[in-house]
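Topology and contacts: notes
Now for the letters of each chain:
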Amino acid sequence: RLGEKANSNQHFQRMINQGIHAKCKRLGIDQVYLDRQLMQKKVCMTKDIGLNDNLFGGFLLQWIDESAAGHVSEAIGHRRVVTLKMSEVLFEAPVKVGDIISIDGTITGIGKTSITIYVQVFNTRSRKEVCSTEMLYVHIDEQGNSASI
(Lines give C-alpha, C1' and ligand atoms only; values in the text may rest on other atoms or scores of the structure.)
Protein backbone atom coordinates (compact mmCIF):
# COMPACT_ATOMS: atom_id res chain seq x y z
CA ARG A 1 0.00 0.00 0.00
CA LEU A 2 2.81 2.43 0.79
CA GLY A 3 4.37 1.80 -2.63
CA GLU A 4 1.00 2.44 -4.30
CA LYS A 5 0.58 5.69 -2.37
CA ALA A 6 4.12 6.85 -3.29
CA ASN A 7 3.52 6.04 -6.95
CA SER A 8 0.20 7.89 -6.83
CA ASN A 9 1.86 10.95 -5.25
CA GLN A 10 4.67 10.89 -7.83
CA HIS A 11 2.12 10.64 -10.66
CA PHE A 12 0.14 13.53 -9.18
CA GLN A 13 3.32 15.65 -8.84
CA ARG A 14 4.30 14.89 -12.47
CA MET A 15 0.85 16.03 -13.62
CA ILE A 16 1.16 19.26 -11.64
CA ASN A 17 4.67 19.89 -13.04
CA GLN A 18 3.47 19.27 -16.61
CA GLY A 19 0.64 21.74 -16.05
CA ILE A 20 2.99 24.40 -14.69
CA HIS A 21 5.46 23.90 -17.55
CA ALA A 22 2.65 24.17 -20.12
CA LYS A 23 1.30 27.32 -18.46
CA CYS A 24 4.79 28.87 -18.37
CA LYS A 25 5.25 28.16 -22.07
CA ARG A 26 1.84 29.65 -22.91
CA LEU A 27 2.54 32.79 -20.83
CA GLY A 28 6.13 33.20 -22.07
CA ILE A 29 7.65 32.58 -18.64
CA ASP A 30 11.16 31.14 -18.78
CA GLN A 31 11.24 27.55 -17.50
CA VAL A 32 14.34 28.37 -15.44
CA TYR A 33 12.06 29.96 -12.80
CA LEU A 34 10.67 26.48 -12.05
CA ASP A 35 14.09 25.37 -10.74
CA ARG A 36 15.42 26.51 -7.39
CA GLN A 37 17.33 29.75 -7.90
CA LEU A 38 19.34 32.01 -5.68
CA MET A 39 17.28 35.18 -5.30
CA GLN A 40 19.50 37.08 -2.88
CA LYS A 41 22.37 36.80 -0.39
CA LYS A 42 22.46 38.88 2.77
CA VAL A 43 25.12 39.41 5.41
CA CYS A 44 23.81 39.50 8.97
CA MET A 45 25.11 42.69 10.54
CA THR A 46 25.05 44.04 14.09
CA LYS A 47 22.09 46.29 13.23
CA ASP A 48 20.06 43.15 12.26
CA ILE A 49 20.42 41.43 15.66
CA GLY A 50 17.54 40.95 18.11
CA LEU A 51 17.49 40.43 21.87
CA ASN A 52 19.18 37.01 21.94
CA ASP A 53 22.15 37.80 19.67
CA ASN A 54 20.42 36.19 16.67
CA LEU A 55 19.08 37.73 13.49
CA PHE A 56 15.75 39.42 14.26
CA GLY A 57 13.04 37.36 12.57
CA GLY A 58 11.19 40.43 11.29
CA PHE A 59 14.20 41.46 9.21
CA LEU A 60 14.45 37.97 7.73
CA LEU A 61 10.74 38.02 6.82
CA GLN A 62 11.24 41.38 5.10
CA TRP A 63 14.21 40.05 3.13
CA ILE A 64 12.25 36.96 2.10
CA ASP A 65 9.29 39.05 0.91
CA GLU A 66 11.48 41.51 -1.01
CA SER A 67 13.46 38.71 -2.67
CA ALA A 68 10.43 36.62 -3.60
CA ALA A 69 8.42 39.61 -4.87
CA GLY A 70 11.28 40.69 -7.12
CA HIS A 71 11.78 37.14 -8.39
CA VAL A 72 8.09 36.62 -9.15
CA SER A 73 7.77 40.04 -10.80
CA GLU A 74 10.77 39.32 -12.99
CA ALA A 75 9.38 35.89 -13.92
CA ILE A 76 6.14 37.40 -15.24
CA GLY A 77 7.77 40.21 -17.19
CA HIS A 78 8.47 42.81 -14.50
CA ARG A 79 4.80 43.30 -13.72
CA ARG A 80 3.42 44.63 -10.44
CA VAL A 81 2.76 42.07 -7.72
CA VAL A 82 1.59 42.25 -4.12
CA THR A 83 1.96 39.72 -1.34
CA LEU A 84 -1.30 37.95 -0.60
CA LYS A 85 -0.12 35.20 1.73
CA MET A 86 2.90 33.77 3.49
CA SER A 87 2.54 30.28 4.94
CA GLU A 88 3.87 29.26 8.33
CA VAL A 89 7.52 30.09 8.89
CA LEU A 90 9.49 28.03 11.40
CA PHE A 91 12.89 29.43 12.33
CA GLU A 92 14.94 26.22 12.46
CA ALA A 93 18.51 27.52 12.86
CA PRO A 94 20.04 30.74 14.20
CA VAL A 95 21.82 33.37 12.15
CA LYS A 96 24.62 35.27 13.90
CA VAL A 97 26.54 38.46 13.09
CA GLY A 98 28.79 37.83 10.10
CA ASP A 99 26.79 34.88 8.80
CA ILE A 100 25.75 34.99 5.16
CA ILE A 101 22.35 33.67 4.21
CA SER A 102 21.09 32.66 0.80
CA ILE A 103 17.43 33.14 -0.07
CA ASP A 104 16.38 30.67 -2.76
CA GLY A 105 13.07 30.37 -4.57
CA THR A 106 11.17 27.97 -6.80
CA ILE A 107 7.95 28.89 -8.55
CA THR A 108 5.49 26.11 -7.77
CA GLY A 109 2.18 27.37 -9.13
CA ILE A 110 0.68 29.85 -11.57
CA GLY A 111 -2.97 30.84 -11.50
CA LYS A 112 -5.00 33.30 -13.56
CA THR A 113 -3.88 36.28 -11.46
CA SER A 114 -1.54 34.70 -8.91
CA ILE A 115 1.80 32.99 -8.64
CA THR A 116 3.11 30.76 -5.84
CA ILE A 117 6.74 30.47 -4.84
CA TYR A 118 8.47 28.15 -2.37
CA VAL A 119 11.27 29.95 -0.51
CA GLN A 120 14.17 28.38 1.39
CA VAL A 121 16.74 30.26 3.45
CA PHE A 122 20.13 28.72 4.19
CA ASN A 123 23.00 29.79 6.42
CA THR A 124 26.01 29.46 4.12
CA ARG A 125 28.43 29.06 7.05
CA SER A 126 26.64 26.25 8.92
CA ARG A 127 24.96 24.92 5.74
CA LYS A 128 21.73 24.56 7.71
CA GLU A 129 18.30 25.53 6.50
CA VAL A 130 17.23 28.56 8.52
CA CYS A 131 13.59 28.49 7.44
CA SER A 132 11.25 27.85 4.52
CA THR A 133 7.83 29.09 3.49
CA GLU A 134 5.43 29.24 0.60
CA MET A 135 4.23 32.61 -0.62
CA LEU A 136 1.39 33.70 -2.85
CA TYR A 137 1.60 36.88 -4.93
CA VAL A 138 -1.11 38.54 -7.00
CA HIS A 139 -0.49 40.51 -10.19
CA ILE A 140 -2.19 43.92 -10.02
CA ASP A 141 -2.94 46.71 -12.48
CA GLU A 142 -2.22 50.43 -12.02
CA GLN A 143 -5.36 50.86 -9.89
CA GLY A 144 -4.38 48.03 -7.54
CA ASN A 145 -6.94 45.55 -8.84
CA SER A 146 -6.00 41.94 -9.53
CA ALA A 147 -5.16 41.41 -13.18
CA SER A 148 -4.50 38.39 -15.39
CA ILE A 149 -0.91 37.31 -15.69
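Residues numbered from 1 in each chain as written. Predicted model: local features only at pLDDT ≥ 70, side-chain atom pairs only at ≥ 80, totals over all residues. Heavy atoms only, no water.

Taken in spatial order, the five strands line up as β1-β3-β4-β5-β2 in an open sheet, and their pairing is antiparallel. Two strands bound the open sheet, and with one partner strand each, they are β1 (37-43) and β2 (81-86). Taken pair by pair, the neighbouring strands of this sheet meet at an average axis angle of 30°, ignoring direction. (Pairing = 2+ DSSP bridges. Helix = DSSP H or I, 4+ residues; strand = E, 2+ residues; numbered from the N terminus. Axes fitted to C-alpha atoms, helices over the stretch in contact; angles between N-to-C directions.)

Moving on: a nonpolar patch on the surface. A cluster of nonpolar side chains, Val-43, Met-45 and Ile-100, forms an exposed patch at the surface whose accessible area comes to about 240 Å². Considering the arrangement of structural elements, one finds Met-45 in the loop between β1 and α2 (57-75). Residue classification places Met-45 among the partly exposed residues on the basis of a relative accessible area of 43%. (Patch = residues over 30% accessible without salt bridge, like charges linked within 9 Å, V, L, I, M, F, W, Y side chains within 5 Å. Areas by Shrake-Rupley, 256 points an atom, 1.4 Å probe, with all protein chains shown as cover. Salt bridge = Lys/Arg side-chain N within 4 Å of Asp/Glu carboxyl O. Buried < 20%, exposed > 50% of the residue type's maximum accessible area, 1.4 Å probe, protein only.)

This brings us to the environment of Ile-115. In this structure, Ile-115 sits in strand β4 (residues 114-123). You can call Ile-115 buried: its relative accessible area is 1%. Placed 31 residues apart in sequence, Ile-115 and Leu-84 show a C-alpha to C-alpha distance of 9.9 Å. Contact partners of Ile-115, with chain neighbours within four places excluded, come to Val-72, Ile-76, Ile-107, Gly-109, Ile-110, Met-135, Leu-136, Tyr-137 and Ile-149. (Contact = heavy atoms within 4.5 Å.)

On to the pattern of salt bridges, then. When the charged atoms of two side chains lie near each other, side chains of opposite charge can form a pair. Within the structure shown, the criterion is met by three salt bridges. The partner of Asp-104 in a salt bridge is Arg-36, and the shortest N-O contact between them spans 3.3 Å. A residue pair is termed long-range when its members are at least 10 positions apart, and Asp-104 in strand β3 (residues 100-110) and Arg-36 in the loop between α1 (2-27) and β1 qualify at 68 residues. A salt bridge links Asp-99 to Arg-125; the nearest nitrogen and oxygen atoms lie 2.9 Å apart.

Moving on, we get to the nonpolar core. Counting residues in each nonpolar core, the largest one holds 29 residues, and the members touching the most others are Leu-60, Ile-115, Ile-117, Val-119, Val-121 and Tyr-137. Among the elements of the structure, α2, β3, β4 and β5 (129-139) are those that each provide at least two residues to this core. A total of six residues in this core trace back to one element, the largest contributor, which is α2. (Core = buried A, V, L, I, M, F, W, Y, C linked by side-chain atoms within 4.5 Å.)

Shape is all these values report; function is a separate question.
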